[in-house]
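Each chain is listed here by its residues.
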Amino acid sequence: MFNPRGVAIIGASRKPGKIGHEILKNIIEYGYKGEIYPINPKADEILGKKVYKSILEVPGTVDLAIIVIPAKFVAEVLEECGKKGVKAVAVISSGFGEVGKHDMEEEIVEISKKYGMRLLGPNIFGLFYAPTQLNATFGPKDILQGNIAFITQSGALGIALMGWTILENIGLSAIVSVGNKADIDDDDLLEYFSKDEKTKIILIYMEGVKNGPRFIKIAKEVTKNKPIIVLKAGRSKRGAMAAASHTGSLAGSDTIYSAAFKQTGILRAMNVAEAFDWARAIAELPPPEGEDTIIITNGGGVGVMATDACEDYNVKLMNLPEDLAQEFRKYMPPFGSVKNPIDLTGQASEKEFAGALKTALKDDRIHAVILLYCQTAITDPNSLADAIINVIKENGKTKPLVISMVGGKECAEAMKKLNLKGLPAYPIPERAVSSLGAYMKWARYIGKI
Ligand code: COA
């Protein structure tokens, strides 16, 4: 499914704006290197590609078929896919289990099984895989490549989040819309991404799992190797009812899900921003080697707020030994503080920040750093971002460093620069702390710290 030699788009439409047209366009424009076969009995050529009347007429190998025709015709073309020797099918079409048509859903699973094909969906927006430059979705075409694999049961939310990751400069290794999970389920994908070199962390938007024991067994294995973040929706009674009519999922008791996540070391995020905040930090930073964390700040207030957040997210602030405190004193006026938060004071320039950061990175007793900045007229955010980037260039990313820049649009621009360099930066300190806390929680679960 992820490394196909050839892809057929069954229902590739001639009309721009139709799903079958946009998927074909995305596959072509994102630069997929394998063979592309549009299938449509009414067309000869679409977007410069030769069109075949049926998949059975395709001369080359088709490993993946994307099916974009109305539900009632899907079973018939699946038979043809099976006869052609297709390995995996992604059924975009809606109108199966989610609207009570369970028999139709069972039928397409049966046909797939009969031919040894795996089936993704139905009721999905497609899949994206960075290593093969395969964007077989009807979402945005300019997805940033990175090392977060994103599995989503919600289609529209998934597509919306694809756009959001572009805006937030978050890179993805894969996106898989699982929809009704008639065959391929989260656990299958966890197994795959666990071994996928490009993927460092797996993020799942989930409304329900079909096979709880198997999910737990696999998740337990995978988390030893890679962190998993889950956004589990349908927590409330009404939310669970909404999930049932959305993807036909039984959302189940939230207490049971919470317990399962705890036992398997899954990090449970409560909202989209939190999930991606954590994923960004974990994807970009080395894992912590210990618990001892310091806060470097130019603002007392943000330092205090971050200190509270450290308690909330179980991040341990160290007491600085006297020799280390002396080192940090070099970068602050006499009225600064080395009590951790290390307060460089409002008069700190990028030079003091850089000096303190270098000290923190070099000393092995410090395992993680939270760097906070409040916008002042003394230090321009852009210069500070450059100084941080330089320190990292010289010293390497040897330990987790999360950054927060609180201020106006100059801060937003500086944080964009940092994020593009793989240095996670957040507009409020709590988000930086929560991201570090999530990484610490995983490292603790696997016994690394
Ligand atoms: N083989 C190949 N192509 C076929 C075909 C077949 N057996 N039968 C029809 N086609 C062609 C059609 O001629 C059409 O091409 P054209 O536009 O050039 O004429 C194209 O395939 C699509 O068929 P059409 O009947 O126009 O369907 P549609 O585009 O209106 O709807 C779906 C198809 C799959 C998009 C629609 O049924 C659906 O399920 N929509 C919801 C999808 C969704 O939201 N999924 C979840 C996302 S989160």
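Residues numbered from 1 in each chain as written. Predicted model: local features only at pLDDT ≥ 70, side-chain atom pairs only at ≥ 80, totals over all residues. Heavy atoms only, no water.

S.K.: Mind showing me how you'd approach the site of the ligand here?
M.R.: Around the ligand sit 23 residues in total, of which Ser 13, Arg 14, Lys 18, Asn 40 and Ser 94 are the nearest. Within the contact set of the ligand, an oxygen atom lies 2.6 Å away from a side-chain nitrogen or oxygen of Ser 13. A distance of 2.7 Å is found between an oxygen atom of the ligand and a side-chain nitrogen or oxygen belonging to Lys 18. Protein contact buries 75% of the 960 Å² of open area that the ligand shows by itself. For the shell around the ligand, the per-class residue count stands at 12 nonpolar, 7 polar and 4 charged. (Near = heavy atom within 4 Å. Polar contact = N/O pair within 3.5 Å; in protein donor to acceptor, adjacent residues only side chain to side chain. Areas by Shrake-Rupley, 256 points an atom, 1.4 Å probe, with all protein chains shown as cover. Nonpolar A, V, L, I, M, F, W, Y, C, P; charged D, E, K, R; others polar.)

S.K.: Sorry if this is basic, but what is going on with the domain arrangement of the protein chain here?
M.R.: As assigned here, the protein chain comprises domain 1 (1–126), domain 2 (143–284) and domain 3 (286–445). One C-alpha centre belongs to domain 1, the other to domain 2, and the line joining them spans 25 Å. In this complex, domain 1 contributes 19 residues to the contact, which on the side of domain 2 involves 27 residues. Counting the surface domain 1 buries against domain 2, the share from its top three residues, Phe 2, Tyr 30 and Phe 125, is 38%. (Domains from an automatic or database assignment. Contact = heavy atoms within 4.5 Å. Buried area = accessible area lost by both parts, 1.4 Å probe.)

S.K.: Could you clarify how one ought to interpret the sheet that holds strand β12 (residues 201–206) in this entry?
M.R.: Whether parallel or antiparallel, the strands of a sheet pair through hydrogen bonds between backbone atoms. Strand order in the open sheet formed by 7 strands is β9-β8-β11-β10-β12-β13-β14, with mixed pairing between adjacent strands. Edge positions in the open sheet fall to β9 (134–137) and β14 (267–269), since each of these has one partner strand only. Pairwise comparison of adjacent strand axes, ignoring direction, gives a mean angle of 20° for this sheet. Bridge count between strand β8 (residues 126–129) and strand β11 (residues 172–177): 3 bridges; the pairing is antiparallel. What sits directly across from Phe 128, in β11, is Ile 175. Helix-sheet contacts for helix α5 (residues 186–195) involve β8, β10 (145–152), β11, β12 and β13 (228–232), and the interaxial angle to β12 is about 170°. Sheet contacts for helix α8 (residues 254–264): β12, β13 and β14; angle to β13, the most-contacted strand, approximately 175°. (Pairing = 2+ DSSP bridges. Helix = DSSP H or I, 4+ residues; strand = E, 2+ residues; numbered from the N terminus. Axes fitted to C-alpha atoms, helices over the stretch in contact; angles between N-to-C directions.)

S.K.: I would appreciate a short explanation of the packing of aromatic side chains in the present structure.
M.R.: The relative placement of two aromatic rings is captured by the distance of their centres and the angle of their planes. One pass over the structure, following the stated rule, counts 12 aromatic pairs. Residues Tyr 129 and Tyr 192 carry aromatic rings whose centres are separated by 6.1 Å and whose planes lie at 65° to one another, so their mutual orientation is edge-to-face. With Tyr 129 in strand β8 and Tyr 192 in helix α5, this residue pair connects regions lying 63 residues apart in the sequence. Among the aromatic residues, ring-to-ring pairing joins Phe 2, Tyr 129, Tyr 192 and Phe 193 into one connected group. Seen from the ring of Tyr 52, Lys 50 lies directly overhead, with NZ or CZ sitting 4.9 Å from the centre. Lying over the aromatic face of Tyr 257, Lys 232 brings its terminal NZ or CZ to 4.4 Å of the ring centre. (Phe/Tyr/Trp six-rings, centres within 6.5 Å; stacked < 30°, edge-to-face > 60°. Lys NZ or Arg CZ within 6 Å of the ring centre and 35° of its normal.)

S.K.: Quick question: what am I supposed to make of the sheet that holds strand β19 (residues 425–426) here?
M.R.: A sheet is described by the order of its strands in space; here 5 strands give the open sequence β16-β15-β17-β18-β19, paired in parallel fashion. The sheet is open, and its two edges are formed by β16 (342–343) and β19, each paired on a single side. Together, β15 (293–297), β17 (368–374), β18 (401–406) and β19 form the strand contacts of helix α15 (residues 429–445), whose direction differs from that of β18 by roughly 165°.

S.K.: For this particular structure, what's the right way to read the nonpolar core?
M.R.: Taken as a class, soluble globular proteins show a tendency for nonpolar side chains to be buried jointly. Ranked by internal contacts, the top residues of the largest apolar core, which has 46 residues, are Ile 9, Ile 27, Ile 66, Leu 190, Phe 193, Ile 204 and Phe 215. Residue contributions to this core peak at 4 residues, all from helix α6 (residues 212–225). Taken domain by domain, this core gets at least three of its residues from each of domain 1 (1–126) and domain 2 (143–284). If you look at the next biggest cluster of nonpolar residues, it comprises 45 residues, including Ile 175, Ile 295, Ala 306 and Ala 368. (Core = buried A, V, L, I, M, F, W, Y, C linked by side-chain atoms within 4.5 Å. Buried < 20%, exposed > 50% of the residue type's maximum accessible area, 1.4 Å probe, protein only.)

S.K.: Would you mind going over the environment of Thr 359 with me for this structure?
M.R.: Turning to its location among the elements, Thr 359 is positioned in helix α12 (residues 350–362). Separated by 28 residues in the primary sequence, Thr 359 and Tyr 331 have C-alpha atoms spaced 10.0 Å apart.

S.K.: Sorry, what's going on with the pattern of salt bridges here?
M.R.: Note on pairing: side chains with opposite charge can pair once their charged atoms come close. Evaluation of the coordinates by the stated rule reveals 26 salt bridges. When the shortest N-O distance is used, the salt bridge between Arg 118 and Asp 183 registers 3.0 Å. Of the two residues, Arg 118 sits in strand β7 (residues 118–120) while Asp 183 sits in the loop between β11 and α5, which places them 65 residues apart along the sequence. A salt bridge links Glu 284 to Lys 397; the shortest N-O distance between them is 3.8 Å. (Salt bridge = Lys/Arg side-chain N within 4 Å of Asp/Glu carboxyl O.)

S.K.: Please explain the side chain of Asp 188 as it appears in this structure.
M.R.: When you line up the elements, Asp 188 lands in helix α5. Residue Asp 188 is classed as buried on the basis of its relative accessible area, which comes to 17%. In this structure Asp 188 touches Arg 118, Asp 183 and Arg 214, once residues within four positions along its chain are discounted.

S.K.: For this particular structure, what's the right way to read unusual backbone geometry?
M.R.: Outside of glycine, negative phi angles account for most residues, and trans bonds account for most peptide bonds. At the junction of Gly 121 and Pro 122, the peptide bond is cis and its omega measures out at -5° in the coordinates. Within the element layout of this structure, Pro 122 appears in the loop between β7 and β8. Note the cis peptide between Asn 340 and Pro 341, where omega equals 15°. Its location among the elements puts Pro 341 in the loop between α11 (322–329) and β16. Notably, Leu 47 is not glycine yet its phi reads approximately 50°, a positive angle. Examined against the element boundaries, Leu 47 turns out to sit in the loop between β3 (45–46) and β4 (49–50). Given a relative accessible area of 39%, Leu 47 falls into the partly exposed group.

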